[in-house]
Amino acid sequence: MATVKLLSVDDEEQIEFLMKQFFRRKIRSGEYEFFFAHNGVEGLKVLQEHPDIEIILCDINMPVMDGLEMLAKVNEMQNPALRVIMVSAYGDLENIRLAMNGGAFDFATKPIDMDDLDRTIEKAIKQIDFVHASQKAQKKLEGLEKDLAAANQIQQFILPSVFPPFPEDSDLLDIYASMEAAKDIGGDFYDFFRIDDDHIALVIGDVCGKGIPAALFMAVSRTFIRSVGMQYEHVGECMTNVNRLLASSSVEYMFVTVFYAIYDIRTGLLTYCNCGHNPPYLLHANGTTEALPVSDNLIVGALKGIKFKENTLQLDHGDTLVMYTDGVTEAMRPPREVFGTKRFSDTLSSLVGKRSQEVVETVKAHLAEFIGDGEQSDDITMLVLKRK
């Protein structure tokens, strides 16, 4: 246990003797260490020399600088752990009231009841210990906030952020994506990477949960999909093997919904595997909008031995495929109204033929307007592919 350092400020010489005598056992054991001064000026000097003093026993009526003035100076130090116990003559209620209003922790009257003062000091120590514990917790919280901020930067770094991502093929396709985490770090992700000269892989996923566990599982899922995707030509076979890897190493109750596709940039054919994810919307160049069929594939990472089916979709010139996570349609405003698929579909219908970035930014703007002053409840992620 750390030594508690106390400062007694009193112009009566016998007070020093009284303190040393009454607290002699605690002084000898190293539990208490006393310092003494005879007026406020001397007391402030001792405090300057020993800034780790945390309890002050201060007489109110003293020469040079009285206790009330010293109390005001101590308050200027803004030390949340410092406790001042004022000492005054019995019946000096006016000064005691001024001291308590001025921030004193407690008071004692002369002649001092030492047993009562001992209890008052112990009460002050408990409060000081609480302040120290709170300060430690605050430092840990600040450290965690810094770590989360760094994790957010890392997460944003691993997600593709350069657009257009394939400038050599910008005359054939237009891709844009965005992820906004509900917390410092999120469980949503998107990715796209080249398979060969004619094929590009696209993926969007949503890990169950939020925060650090979801972010870690997201990073693992994205890595597996990218790695396995380079090995298998068929998207269903790819997700079957990704599921095998995740289910074998997954933490209990962790899973991810995934929409994984390979796009032929020459023909516009999209071969996809929807693993429990929201069906994307297809914005036809002729002005119509439709959601892809709901898939009967299961989520990824929850169960071993699952085989995933794949489907195909033909994109005509000018068609746009909008992939998204449920943070879009489930965005909420008070009292508990969700943005919903109807608002989302209506918004997309007004964006037929627009650039991919404009589609994403317009939806985000509508979501921000809808949520208003409410809190973002889930990660909001979109990945848009347009065939030119």
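Residues numbered from 1 in each chain as written. Predicted model: local features only at pLDDT ≥ 70, side-chain atom pairs only at ≥ 80, totals over all residues. Heavy atoms only, no water.

Draft legend 1. Geometry of the overall build of the protein. Summing up its helical and strand segments, the protein has eleven helices and 17 strands in all. Over its C-alpha atoms the protein spans a radius of gyration of 34 Å, topping by over 25% the 21 Å that the globule rule assigns to 388 residues. Here the C-alpha coordinates of the protein stretch approximately 100 × 45 × 40 Å along the principal axes. Counting every position in the protein, which comprises 388 residues, the buried fraction comes to 48%. Counting only contacts in the protein whose residues sit at least 6 apart along the sequence, the fraction spanning at least 24 positions is 71%. Put simply, the protein shows about 19500 Å² of open surface, and 53% of that area lies on carbon and sulfur atoms. Charge-centre separation for the protein: the mean point of 38 positive side chains lies 3 Å from the mean point of 59 negative side chains. (Helix = DSSP H or I, 4+ residues; strand = E, 2+ residues; numbered from the N terminus. Rg over C-alpha atoms; globule rule 2.2 N^0.38 Å. Buried < 20%, exposed > 50% of the residue type's maximum accessible area, 1.4 Å probe, protein only. Contact = heavy atoms within 4.5 Å. Areas by Shrake-Rupley, 256 points an atom, 1.4 Å probe, with all protein chains shown as cover. Lys, Arg positive; Asp, Glu negative; His and termini not counted. Charge placed at Lys NZ, Arg CZ, Asp CG, Glu CD.)

Draft legend 2. Region of interest: a nonpolar patch on the surface. Nonpolar side chains collect at one region of the surface, where Leu141, Leu144, Ile212 and Leu216 lie side by side and expose about 350 Å² of accessible area between them. Of all the elements in the fold, those that place two or more residues in the nonpolar patch are helix 6 (114-158) and helix 7 (211-229). One can find isoleucine 212 in helix 7. On the accessibility criterion, isoleucine 212 (41% relative accessible area) is partly exposed. (Patch = residues over 30% accessible without salt bridge, like charges linked within 9 Å, V, L, I, M, F, W, Y side chains within 5 Å. Salt bridge = Lys/Arg side-chain N within 4 Å of Asp/Glu carboxyl O.)

Draft legend 3. How the structure looks around the pattern of salt bridges. Under the definition given, this model contains 21 salt bridges. Between aspartate 198 and arginine 266 there is a salt bridge, with the nearest N and O atoms lying 3.0 Å from each other. Of this pair, aspartate 198 sits in the loop between strand 7 (188-194) and strand 8 (199-207) while arginine 266 is found in the loop between strand 9 (256-264) and strand 10 (269-275), placing the two residues 68 residues apart along the sequence. Residue classification places aspartate 198 among the partly exposed positions, given a relative accessible area of 30%. Exposure remark for arginine 266: the relative accessible area of 47% places this residue in the partly exposed category.

Draft legend 4. Seen up close, the packing of helix 7 against helix 8 (residues 235-249). Between helix 7 and helix 8, the shortest axis-to-axis distance is 9 Å and the interhelical angle comes to 145 degrees. With respect to the hand of their crossing, helix 7 and helix 8 are arranged in right-handed fashion. On the side of helix 7, the interface is formed by Phe217, Val220, Ser221, Phe224, Ile225, Val228 and Gly229, while helix 8 contributes Cys238, Met239, Asn241, Val242, Leu245, Leu246 and Ser249. Here the residues of the contact of helix 7 with helix 8 sort into ten nonpolar, four polar and no charged. (Axes fitted to C-alpha atoms, helices over the stretch in contact; angles between N-to-C directions. Left-handed = near helix turned anticlockwise from the far one by under 90°. Nonpolar A, V, L, I, M, F, W, Y, C, P; charged D, E, K, R; others polar.)

Draft legend 5. Seen up close, unusual backbone geometry. The amide bond that connects lysine 110 to the next residue, proline 111, takes the cis arrangement and shows omega of -5 degrees. Residue position: proline 111 is located in the loop between strand 5 (106-110) and helix 6. Of note, the phi angle at valine 64 is positive, near 70 degrees, even though the residue is not glycine. Inspection of the secondary structure assignment puts valine 64 in the loop between strand 3 (55-59) and helix 4 (67-76). The class for valine 64 is exposed, based on a relative accessible area of 68%. Residue glutamine 78 is not a glycine yet carries a positive backbone phi of 55 degrees. Along the chain, the position of glutamine 78 falls in the loop between helix 4 and strand 4 (83-89).

Draft legend 6. How the structure looks around the sheet that holds strand 17 (residues 380-387). Pairing is antiparallel across the open sheet formed by five strands, whose spatial order is 6-17-14-11-12. A strand with exactly one partner marks an edge of an open sheet, and here the two such strands are strand 6 (173-180) and strand 12 (289-291). This sheet shows a mean twist of 15 degrees between the axes of neighbouring strands, independent of strand direction. Sheet topology places strand 11 (residues 281-283) next to strand 14 (residues 320-324); three bridges connect them, and they run antiparallel. Counterpart to tyrosine 281 in the pairing with strand 14 is valine 322. Strands in contact with helix 10 (residues 340-349) are strand 11, strand 12 and strand 14; relative to strand 11, the strand with the most contacts, it is inclined by about 25 degrees. (Pairing = 2+ DSSP bridges.)

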